Amino acid sequence: MDDRRRPAATASGSGGAASRRDRPPVDALTSLMVVLFGCLFILVPAIVGGTNLGFIHQVPEGHVGVYWRGGALLKAVSNPGFHLMIPSLTRYEPIQVTLQTDKVTNIPCGTKGGVMIYFEKIEVVNRLHKEYVYETILNYGVSYDKTWIYDKIHHEINQFCSANTLQEVYIDKFDQIDEIVKEAIQNDCTRYAPGIEIISVRVTKPTIPATIARNYELMEEERTKVLIAMERQKVVEKDAETEKKRAVTEAEKDSHVSKILMEQRVMEKESIKQQQQIENEIFLGREKSLADANYYRVLKEAEANGLKLTPQFLELKFIEAIGNNAKMFFGEKIPAMVLDQRLLGNFLSRESDQDV
């Protein structure tokens, strides 16, 4: 739209002014060249960056950059970020220095008995220490893990299989393979490539011939039956033990109840005994009091009687006794009757004295 309006605007001007407006100024050309150069500077490295020939290259996080110049490995190791290098003269490769997992697949090996088996996959978790990157790449190249991980896994697995039978590899020592392989690889890496650290090794179950696998399945079925029978036996024994404990518990409970009841009866008897003792003590106290009182009464009566037993009192009692006797005796033997003549004489003398 500006170009269509520009002729109308220049119709009233001179021809020289129009020619000056058509020619771009020097500053605009310079800015345009700077912009174009900047675009080329940014786009060319981006286009050729994949060939490691660009001016600018990027080292991703978790990696370091190593460089070759004229085919010789440089000691300089760059950290993650953007870096500059001279294309065609310098080549770089990113080397991972964080944990990585290498998967080795389809590993054949022959057991001690000559049976060929296959490990479908073995995973090795490893790490290359940053301070050993230059030494490791210098000695074993960028594909150092092929030498010390992939090829070493094949070697160690074949060593293990050749020294053990199928039963040991597949069943008995299978849980030890990962530690054995890890220790063997780490020992060689520590000796020849100290920058490589083996974190762990994960071994999958090997694939064995179908006929042998079927035999193992049958063995496992029988073993499972035996285990089931053993578990049933344990359940029966546990039930019997539980029943025994229940019976013992019931017997102990009954024993405790009987003991409590017996103690209760004994306590009742003891209480009755104590009550009887108290009653006996009360009775004895009462009888003793009565005996003492009777003794005291008799004693006092005896003392009173002792005071009464005078000749006069005895004579009075004798006369009263004779007087109270209603029997009369007649005959010649009346003087022979039991009679105290002295008492009678004394009585008669007193009567005569009284009359006088």
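On a predicted model such as this, the values are computed, not experimentally measured, just so you know.

Rules used in this analysis
- Residues numbered from 1 in each chain as written.
- Predicted model: local features only at pLDDT ≥ 70, side-chain atom pairs only at ≥ 80, totals over all residues.
- Heavy atoms only, no water.
- Helix = DSSP H or I, 4+ residues; strand = E, 2+ residues; numbered from the N terminus.
- Buried < 20%, exposed > 50% of the residue type's maximum accessible area, 1.4 Å probe, protein only.
- Contact = heavy atoms within 4.5 Å.
- Areas by Shrake-Rupley, 256 points an atom, 1.4 Å probe, with all protein chains shown as cover.
- 1 Å grid on protein atoms, 1.4 Å probe; cavity = no way out; pocket = protein on both sides within 12 Å on 5 of 7 lines; lining within 4 Å.
- Points joined across faces, edges and corners; volume = space filled by probe spheres on them.
- Nonpolar A, V, L, I, M, F, W, Y, C, P; charged D, E, K, R; others polar.
- Pairing = 2+ DSSP bridges.
- Axes fitted to C-alpha atoms, helices over the stretch in contact; angles between N-to-C directions.
- Polar contact = N/O pair within 3.5 Å; in protein donor to acceptor, adjacent residues only side chain to side chain.
- Disulfide = S-S within 2.5 Å.
- Expected span 1.5 Å × (residues − 1).
- Core = buried A, V, L, I, M, F, W, Y, C linked by side-chain atoms within 4.5 Å.

Peer 1: Help me out: how do you make sense of the overall build of the protein in this one?
Peer 2: For the protein, the helix and strand inventory stands at 10 helices and 8 strands. The buried share of the protein, reckoned over its 356 residues, is 20%. Taking the intrachain contacts of the protein between residues at least 6 apart in sequence as the baseline, contacts between residues at least 24 apart amount to 68%. Approximately 25,700 Å² of the protein is accessible, and the part contributed by carbon and sulfur atoms is 59%.

Peer 1: Would you mind showing me how to read the environment of C161 here?
Peer 2: As for its position among the elements, C161 is in helix α5 (residues 144–162). Residues C161 and K112, spaced 49 residues apart in sequence, show a C-alpha to C-alpha distance of 6.5 Å. Those residues in contact with C161 that lie beyond four places of it in its chain are C109, G110, T111, K112, I117, F119 and V169.

Peer 1: Got a minute to help me understand empty space enclosed by the protein in this structure?
Peer 2: Under the definition given, this model contains 1 cavity of 30 Å³ or more. In this structure, the largest cavity encloses a volume near 30 Å³. Lining the largest cavity are Y132, E135, T136, N139, Y140, Y192, A193, P194 and G195. Here the lining of the largest cavity takes 4 residues from helix α4 (residues 133–140), the largest share from any one element. Taken together, the residues of the lining of the largest cavity sort by class into 5 nonpolar, 3 polar and 1 charged.

Peer 1: Can you walk me through the sheet that holds strand β5 (residues 90–96) in this structure?
Peer 2: Within a sheet, each strand pairs with its neighbour through backbone hydrogen bonds, oriented either parallel or antiparallel. Across the sheet, 3 strands lie side by side as β3-β2-β5; this open sheet has antiparallel pairing. Of all strands in the sheet, those bounded by a partner on one side alone are β3 (72–78) and β5. Geometrically, the sheet is characterised by an average inter-axis angle of 30 degrees between neighbouring strands, direction not taken into account. As judged from the 4 bridges shared by strand β2 (residues 63–69) and β3, these two strands associate in the antiparallel manner. Following the sheet pairing, R69 is matched in β3 by A72. Its contacts with the sheet place α4 against β2, β3 and β5, and it is angled at close to 155 degrees to β3.

Peer 1: Can you help me understand the environment of S289 in this one?
Peer 2: Within the secondary structure layout, S289 lies in helix α8 (residues 210–308). Within the local environment of S289, its side chain forms a polar contact with the backbone oxygen of G285, the two atoms lying 2.7 Å apart.

Peer 1: Please clarify how the pairing of strand β6 (residues 100–110) should be interpreted in this entry.
Peer 2: Within a regular strand, side chains alternate between the sheet's two faces. Here β6 pairs with strand β7 (residues 116–128) via 10 bridges, running antiparallel. Looking at β7, one finds that T101 is bridged to V125. Linkage of β6 to β7, two consecutive antiparallel strands, is achieved through a turn of 5 residues, within which G114 is found at a positive phi near 95 degrees.

Peer 1: Please clarify how the side chain of D102 should be interpreted in this entry.
Peer 2: For D102, the location among the structural elements is in strand β6. Here N126 takes part through its side chain, which lies 3.0 Å from a polar atom of the side chain of D102. Setting aside anything within four residues of it in sequence, one finds D102 in contact with I122, E123, V124, N126, D145, I149 and Y150.

Peer 1: Quick question: what am I supposed to make of the state of the cysteines here?
Peer 2: Put plainly, two cysteines are in a disulfide when a covalent bond ties their sulfur atoms together. One pass over the structure, following the stated rule, counts 1 disulfide. C109 shares a disulfide with C161; S-S distance 2.4 Å. Torsion about the S-S bond of the C109 and C161 cystine: about -50 degrees, corresponding to left-handed handedness. In this pair, C109 sits in strand β6 while C161 sits in helix α5, placing the two residues 52 residues apart along the sequence. Using a relative accessible area of 0% as the deciding quantity, one classes C161 as buried.

Peer 1: Quick question: what am I supposed to make of unusual backbone geometry here?
Peer 2: Among all residues except glycine, the phi angle is most often negative; among peptide bonds, the trans geometry is most common. Even without being glycine, S88 reaches a positive phi, approximately 70 degrees. Assignment of secondary structure puts S88 in the loop between β4 (81–84) and β5. Residue class for S88 comes out exposed when judged on its relative accessible area of 66%. The phi dihedral of N106 falls on the positive side, at around 50 degrees, and the residue is not glycine. Considering the arrangement of structural elements, one finds N106 in strand β6.

Peer 1: I tried to follow helix α7 (residues 177–192) on my own but got confused; where do I start?
Peer 2: An α-helical turn contains 3.6 residues, so any two residues separated by three or four positions project in the same direction. Taking 1.5 Å of rise per residue, 16 residues should cover 22 Å, and α7 covers 23 Å from first to last C-alpha, within 8% of that figure. Residues of α7 that are buried include every one of I177, V181, A184, I185, Q186 and C189, and no others.

Peer 1: Got a minute to help me understand the nonpolar core in this structure?
Peer 2: The nonpolar side chains of a soluble globular protein tend to be buried, and buried together. Grouped together as the largest cluster of nonpolar side chains are 39 residues, with contacts concentrated most on F119, I122, I153, I157 and I177. It is α5 that provides the largest number of residues to this core, a total of 7 residues.

Peer 1: What exactly am I supposed to notice about the pairing of β2 here?
Peer 2: When you tally the buried positions in β2, you get 5 out of 7 residues, the bulk of the element. Bridge count for β2 against β5 is 7 bridges, and the pairing is antiparallel. Opposite G65, over in β5, you have P94 as the bridge partner. Count of turn residues in the β2/β3 antiparallel hairpin: 2 residues, of which G70 carries a positive phi of about 65 degrees.

Any functional reading would require information that these geometric values do not contain.
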